Amino acid sequence: MGMLLWIGLASAQATVLRLDGTPTWSITKPKCTLELVGSIRNLNSFPSGSVKIVLFADLVPFPSKARVVAEADLGQIPGYGEIDDFKRKVNATLPTTNGDYYFTLAVLEYTLAGWQTRAYVATGQKTLKNGDFLAGYKWRIPNRTVIAPPAGLIKGDRLKLTVKSNFDLDAITPGTESRKTVRIEGVSSTSVSYGGKNYDTKYEYLVAKQPINGVKRPAGNLTLAKSGIHQQAAITLFFHSATGGVYRQAAEGRVTWGVFSYD
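Here the structure is a predicted model, which is why all the values come from computation and not from measurement.

(A) Main features of the pattern of salt bridges. One pass over the full model with this rule turns up 14 salt bridges. Among the salt bridges present, the one from E177 reaches R254, with a minimum N-O distance of 2.5 Å. On the criterion of sequence distance, the pair formed by E177 in the loop between β11 (170–172) and β12 (180–184) and R254 in strand β18 (residues 254–262) is long-range, its members being 77 residues apart. You can call E177 buried: its relative accessible area is 14%. Residues joined by salt bridges that share partners form a network here, namely R18, D20, R41 and E82.

So, in structure tokens, the structure goes:
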């Protein structure tokens, strides 16, 4: 399917770009993958301005004063040239206002009049709450026996955290947030992997009772210190077995629940 949108430049020449194919997006926070199966074609003999593909989100359909969720620069397209199939992974910034958002992929070109929309494709609505994609149902904290957590963490211990819900136990759409891995490196040092990136930070750990399903149970309380752009995180670990259980995390201005494995 082709889409043709013409907007004049603030100069003697005007570019006509055509989107042929299917642009798609997927988000696994903190990253967004922007993909095109097809091409973006320059129908003129002269080069285009800089071109980029942008994912917008707004509470009303595009075109609007939509928020930029993610974007990827594609460079200029030569006269009668084209940009073919591509996949770009870039940072994602989701709205934190709650509601049903319209998501739109658009091809923009930089001109003497600024960035101009050359083509766009509506990609449907998604429900967001505090920057999370909601699945539309409640997540239930497993009502299993909570056992005593390890008295301490030692070098080589590893935790893998998978998000399941927000603070209100609204289920977060599976696959829309990266798993966090925490590996103990020393008495107070740890390495953290999240969203394809690694960083080192300090940690503290103590055992103290915390509430789960309305009852206080023994828990391992792991605090990761702030490191660069990464905020401090307080992770409460409720062990259902020696190899894992349920956790609650307070970090990045939100509280989430999930499951973890421990080895």
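(B) Inspection of the nonpolar core at higher detail. By size, the foremost hydrophobic cluster in this structure holds 30 residues, and its most contacted members are W25, I27, C32, L34, I40, L55 and F103. Put simply, the parts of the chain that give this core at least two residues each are β2 (16–28), β3 (31–42), β4 (51–58), β5 (67–75), β6 (82–91), β7 (99–111) and β8 (114–129). Sequence-distant contacts of W25, defined by excluding residues within four places in its chain, comprise C32, T33, L34, L55, F103, L105, T123, K126 and F133. L161, L224, I235 and A251 belong to the second-largest nonpolar core, a separate cluster that totals 21 residues.

(C) The side chain of T176, seen in detail. Relative to the helices and strands, T176 is located in the loop between β11 and β12. Classification of T176 by relative accessible area gives buried; the value is 10%. Apart from the residues within four sequence positions on either side, T176 is in contact with I27, T28, K29 and F133.

(D) Quick peek at the pairing of strand β9 (residues 132–138). In this structure, β8 lies alongside β9, joined through two bridges in antiparallel fashion. Looking across to β9, one finds that L128 is bridged to F133. Taking the residues between adjacent antiparallel strands as the criterion, β8 and β9 are bridged by two residues, where N130 takes a positive phi near 55°. Sheet analysis places β9 next to β11, joined by two bridges and oriented antiparallel.

(E) Up close: the environment of E82. Counting through the fold element by element, E82 comes out in strand β6. A C-alpha to C-alpha distance of 9.1 Å links E82 and L17, two positions 65 residues apart in sequence.

(F) Seen up close, the environment of A119. Counting through the fold element by element, A119 comes out in strand β8. Of the residues examined, A119 reaches a relative accessible area of 2% and is grouped as buried. Each C-alpha atom of the pair A119 and T256 lies 37 Å from the other, and the pair is 137 residues apart in sequence.

The rules behind these values
- Residues numbered from 1 in each chain as written.
- Predicted model: local features only at pLDDT ≥ 70, side-chain atom pairs only at ≥ 80, totals over all residues.
- Heavy atoms only, no water.
- Salt bridge = Lys/Arg side-chain N within 4 Å of Asp/Glu carboxyl O.
- Helix = DSSP H or I, 4+ residues; strand = E, 2+ residues; numbered from the N terminus.
- Buried < 20%, exposed > 50% of the residue type's maximum accessible area, 1.4 Å probe, protein only.
- Core = buried A, V, L, I, M, F, W, Y, C linked by side-chain atoms within 4.5 Å.
- Contact = heavy atoms within 4.5 Å.
- Pairing = 2+ DSSP bridges.

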